Amino acid sequence: MSARIVSITPFDDQKPGTSGLRKRVAHFRQPHYVETFLQSLFDSLKGLQGQTLVIGGDGRYFNDTVIQTAIRMAAANGVGRVIVGQGGILSTPAASHLIRHNGAFGGIILSASHNPGGPDGDFGIKYNASNGGPAPERITDAVYARSKVIDRYLTVDTPDIDLAAIASLEVAGMAVDVVDPVADYAALMESLFDFNAIADLFAAGFSMQFDAMHAVTGPYARAILEGRLGAAEGTVINAVPLPDFGGGHPDPNLVYAKDLHDLVMSPEGPDFGAASDGDGDRNLIIGKGRFVTPSDSLAVLAANAHLAPAYKGGIAGIARSMPTSAAADRVAETLGVEMHETPTGWKFFGNLLDAGRVTICGEESAGTGSDHVREKDGVWAVLLWLNILAARRQSVDEIVQAHWATYGRNYYSRHDYEEVDTAAANALMDDLRARLDTLVSEGFEGREIVLADDFTYLDPVDGSTAAKQGVRIGFADGSRIVFRLSGTGTVGATLRVYLERYEPPAGDHDTDTQEALADLVALADTLAGIASRTGRSTPSVIT
Ligand code: G1P
Ligand code: ZN
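The paragraphs below set out a description of the structure included in this document. (Residues numbered from 1 in each chain as written. Chains lettered and ligands numbered in written order. Predicted model: local features only at pLDDT ≥ 70, side-chain atom pairs only at ≥ 80, totals over all residues. Heavy atoms only, no water.)

**As for the overall build of the protein chain**
To be explicit about the condition: Helix and strand labels come from DSSP, where a helix needs a run of H or I of at least four residues and a strand needs a run of E of at least two; each type is numbered from the N terminus. For the exposure calls, accessible area comes from a 1.4 Å probe over protein chains only, and a residue counts as buried if that area is under 20% of its type's maximum, exposed if over 50%, partly exposed in between. Contacts are assigned to residue pairs with any non-hydrogen atoms lying within 4.5 Å of each other. Each accessible area is a Shrake-Rupley estimate made with a 1.4 Å probe; only the visible protein chains count as cover when residues are assessed.
Scanning the protein chain for helices and strands turns up 19 helices and 26 strands. Once the C-alpha set of the protein chain is aligned to its principal axes, its extents read approximately 70 × 60 × 40 Å. Here the protein chain, with 543 residues, has 59% of them falling under the buried criterion. Of all intrachain contacts in the protein chain linking residues separated by at least 6 positions in sequence, the fraction that spans at least 24 positions is 71%. Of the roughly 19700 Å² of accessible surface on the protein chain, 48% is carried by carbon and sulfur atoms.

**Here we look at the side chain of Ser111**
Our working rule: What qualifies as a polar contact is a pair of N or O atoms within 3.5 Å, subject to a donor-acceptor requirement within protein and to the restriction that residues adjacent in sequence count only when both atoms come from side chains.
Turning to its location among the elements, Ser111 is positioned in the loop between strand E5 (106-110) and strand E6 (122-128). For Ser111, the side chain forms a polar contact with the side chain of Asp58, separated by 2.8 Å. Looking at Ser111, its side chain comes within polar contact range of the main-chain nitrogen of Ser113, at 2.6 Å. If we ignore the near neighbours within four places in the chain, the residues touching Ser111 are Arg22, Asp58, Arg60, Phe123, Gly124, Ile125 and Asp279.

**So, the pattern of salt bridges**
Pairing is possible between side chains of opposite charge, provided their charged atoms come close. Heads up, the condition is: Any carboxyl oxygen of Asp or Glu within 4 Å of a side-chain nitrogen of Lys or Arg constitutes a salt bridge here.
Per the counting criterion, the structure on display carries 30 salt bridges. Of the charged contacts in the structure, one is a salt bridge between Arg414 and Asp416, with a shortest N-O distance of 2.8 Å. A single burial state applies to Arg414 and to Asp416, both of which are buried. Linking Arg533 and Asp431 is a salt bridge whose minimum nitrogen-to-oxygen distance equals 2.5 Å. Placement of the pair is Arg533 in helix H19 (residues 530-534) and Asp431 in helix H15 (residues 422-434), with a sequence separation of 102 residues. Where salt bridges share partners, they join Arg320, Asp329, Glu341, Asp453, Arg472, Arg480 and Glu500 into one cluster.

**Points about the coordination of the zinc ion (ligand 2)**
We count it as follows: Any N, O or S atom lying within 2.8 Å of the metal counts as a donor, and for Na, K and Ca the limit rises to 3.2 Å; water is left out, so some sites can look incomplete. Any site counts as irregular unless it has four donors with all angles between 85 and 135 degrees, making it tetrahedral, or four or six donors with opposite ones more than 155 degrees apart and the rest between 65 and 115, making it square planar or octahedral.
The coordination sphere of the zinc ion (ligand 2), as far as protein atoms go, consists of Ser113 (OG), Asp277 (OD), Asp279 (OD) and Asp281 (OD), spread over 2.0 to 2.1 Å. For the zinc ion (ligand 2), the 4 donor atoms in the first shell make angles of 88 to 159° at the metal, so the coordination geometry reads as irregular. Going along the chain, you hit the donors of the zinc ion (ligand 2) in the pattern S-x163-D-x1-D-x1-D.

**Observations regarding the pairing of strand E15 (residues 317-321)**
Put simply, side chains in a regular strand alternate between the two faces of the sheet. Note the following rule: Note: two strands are recorded as paired if DSSP finds a minimum of 2 bridges between them.
With respect to burial, E15 is a largely interior element, 5 of its 5 residues being buried. What you see with E15 is no split at all: Gly317, Ala319 and Ser321 on one side and Ile318 and Arg320 on the other are buried throughout. Bridge count between E15 and strand E16 (residues 338-342): 5 bridges; the pairing is parallel. Pairing of Ile318 across the sheet is with Met339, part of E16. Note that E15 and strand E17 (residues 360-363) share 3 bridges and pair parallel. When the sheet's bridge partners are listed, Ile318 is paired in E17 with Ile360.

**Observations regarding the environment of Phe42**
Position of Phe42 among the secondary structure elements: in helix H2 (residues 33-44). For Phe42, a relative accessible area of 5% gives the class buried. Between the alpha carbons of Phe42 and Gly88 there is a distance of 20 Å; along the sequence they are 46 residues apart. In contact with Phe42, other than residues within four places in its own chain, are Leu48, Leu53, Ala70, Met73, Ala74, Asn77 and Ile108.

**Details of the site of ligand 1**
Under the convention used in this document: We define proximity as follows: a residue is near a molecule or strand when any one of its heavy atoms falls within 4 Å of that partner. Note on residue categories: nonpolar means Ala, Val, Leu, Ile, Met, Phe, Trp, Tyr, Cys or Pro, charged means Asp, Glu, Lys or Arg, and polar means any other residue, Gly included.
Around ligand 1, 15 residues are found, and the nearest of them are Ser365, Ser486, Gly487, Thr488 and Arg496. Between Ser486 and ligand 1, the recorded distance is 2.6 Å, taken from a side-chain N or O atom to an oxygen atom. Calculation on ligand 1 without its partners gives an accessible area of 380 Å², and the protein chains cover 98% of this total. Among the residues forming the shell around ligand 1, the class breakdown is no nonpolar, 8 polar and 7 charged.

**Re unusual backbone geometry**
If you check the backbone angles, His214 has positive phi at about 55° while not being a glycine. Counting through the fold element by element, His214 comes out in the loop between strand E10 (208-211) and helix H8 (217-228).

**Here's the deal with the packing of aromatic side chains**
Here the distance between the centres and the angle between the planes together describe a pair of aromatic rings. Stated precisely, the cut-off is as follows: Aromatic rings from Phe, Tyr and Trp, with only the six-membered ring used for Trp, were paired whenever their centres fell within 6.5 Å, and each pair was classed as stacked if the ring planes differed by under 30 degrees, edge-to-face if by over 60, and tilted otherwise.
In total, this model carries 11 aromatic pairs according to the counting rule given. Ring geometry for Tyr311 and Trp380: centres 6.4 Å apart, planes at 90°, overall edge-to-face. Here Trp380 lies in helix H13 (residues 378-392) and Tyr311 lies in the loop between helix H10 (294-304) and E15, a separation of 69 residues in the sequence. Both residues of the pair, Tyr311 and Trp380, count as buried. Ring geometry for Phe455 against Tyr457: centres 6.5 Å apart, planes inclined by 45°, an arrangement best described as tilted. With respect to burial, Phe455 and Tyr457 carry one shared label: buried. An aromatic cluster is present here, built from Phe11, Phe28, Tyr33, Phe62 and Phe123 joined pairwise through their rings.

**A few points about the sheet that holds strand E12 (residues 272-275)**
Rules: Only the contacting stretch of a helix is used when fitting its axis, a line to C-alpha atoms as for every element, and angles between N-to-C directions run 0 to 180 degrees.
Spatially, E11-E10-E12-E13-E14 is the arrangement adopted by the 5 strands of the open sheet, whose pairing is mixed. Of all strands in the sheet, those with a lone pairing partner are strand E11 (236-237) and strand E14 (290-292), marking the two edges. Pairing between strand E13 (residues 284-287) and E14: 3 bridges, direction antiparallel. Each bridged residue has a counterpart across the sheet, and for Gly287 the counterpart in E14 is Arg290. Packing against the sheet, H13 makes contact with E10, E12, E13 and E14, and its axis sits at approximately 165° to E12.

**Some points on empty space enclosed by the protein**
Filter applied, for reference: Only protein atoms enter the 1 Å grid used here. Points where a 1.4 Å probe fits but cannot escape make up a cavity, open sets with protein on both sides within 12 Å along at least five of seven lines make up a pocket, and a residue lines them when an atom lies within 4 Å of a point. Grid points are joined across faces, edges and corners, and a volume is the space filled by probe spheres set on the points.
Under the defined criterion, the tally for this structure stands at 2 cavities of 30 Å³ or more. What the largest cavity holds in volume is close to 140 Å³. Contributing to the lining of the largest cavity are 17 residues, with Pro16, Gly20, Tyr127, Ala135 and Thr140 lying nearest its centre. Breaking the lining of the largest cavity down by element, the ones donating at least two residues are H2, E6 and helix H5 (137-147). Residue composition of the lining of the largest cavity, by class: 10 nonpolar, 5 polar and 2 charged. Each pocket or cavity is described by its volume, and for the second largest cavity that value is around 40 Å³. For the lining of the second largest cavity, the elements supplying multiple residues, two or more each, are H8 and H13.

**A look at the nonpolar core**
To keep things clear, this is the line we draw: Nonpolar cores are built from buried Ala, Val, Leu, Ile, Met, Phe, Trp, Tyr and Cys residues. Side-chain atoms within 4.5 Å join them into one set.
Membership of the largest hydrophobic core comes to 73 residues, with the highest contact counts inside it found for Phe193, Phe272, Trp380, Trp385 and Leu386. At 11 residues, H13 tops the list of elements feeding residues into this core. Sequence-distant contacts of Trp380, defined by excluding residues within four places in its chain, comprise Tyr185, Met189, Leu192, Phe193, Leu301, Tyr311, Ile360, Thr368, Gly369, Ser370 and His372. Counting 47 residues, the second-largest nonpolar core is a separate cluster that includes Phe28, Phe37, Phe62 and Tyr127.

In short, the description is geometric, and any link to function would need to be established separately.
Structure below.
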């Protein structure tokens, strides 16, 4: 069957952000909007003909429609084979694994991550390259440039394919394999971790609750935790992926996973609580009576990774995004391994992982992962924690307290001001940037400032740079405030303020986090004029 050519006029707003193109569903539903972006992608990928693409998504509203569109357009553009998850489902880390496992050319992941779904929610399209990781900027820039001048797309006139059953099908001469979304991923997890030790832990009465938030990890968590590891039936809650995530906000933080948090923090709760987000790449970790911040989790996982079979020979290095706390840096120093500070967004870890310079990576935004795939991985983080708990036979709280007693504690919090006026947010950032030199020479409110810059990253592997990645203000006592604007919001601007204070090993590790950071919070406000410029006296979300 030959391709049909459809004439189109370009859009000017298809610039991929931190994690692909992300907009309201209604925006994506404009005639030819999806097709324009996909064709711009196909036109930008050299050597795609005859190759394999992985396609899948987090099951959110519009996922099914766009999968069918993408399959037809892939066939029209000469793709040789498509691997698609049954029901159109693939978690982001599972898609990354399938790309690598099958030597695919790349993959198209349909998700807006932790953003709400449903007809009034968000949708997103992201391209991952052959290493399994988010496309580097040279590809996303090319797609954006193409989307501004494109005048046609290619498709074929075939009926929708049946994604309900595992099968090998054909669409206009292109092979389509509908695969079990869980099987290969679960096998990968089993190859990394000591499943026998974890199963023994559960058999000994260890209890857990995993909240899949009606998003993509339900089938994965059920198959692995309840199926292979013998956790009690009902350990995984909200396990069925729904197009609107059951009306919830699939972001595993203390606001949207409050019920889980309250349960595990209570004395009657289970020993361990965890949750993942819309597309399965984020994680929330709570032990009985102890919430573990993502920054601390990264540090604890790095310090204990050798307890899991995959990392028993030690780790090559650690990377963290710039706004993530420096807790992991102290672990890297002790282990004598490389430590890298990268811009926000998982794609910046790709080169370091590919080059074998780091093994474990993490972001303060509940993302942790390793070199097993090229995405952060929620279920992986939960399993590494379980492996460590099984090996140490201590509680989460004991492990975290022991960690602080060894390395010190980085009190840390992020304050988000969501949906603020874009012009006001940009002006706030611009004014800060203009004052950086003065801040270093004069300090602020009697505090000595040792670093004030707008973070520029120099990639040590390919020499590329990424500028304007966020304003860092470092104080003489080791405290730090970082200001940056989100790259994933879909309405207005989101100002993120990251606050951090270091307490040495022998210091006080038991203060409430917001209390420990209260001085810095006040300082951040006077420094940047947050309340006066945004009209917000309190953040929308505190994590
Ligand atoms: C946010 C997080 C960032 C993460 C990204 C994708 O991006 O802060 O760490 O990589 O989502 O999950 P932001 O909205 O801050 O640009
Ligand atoms: Zn996500």
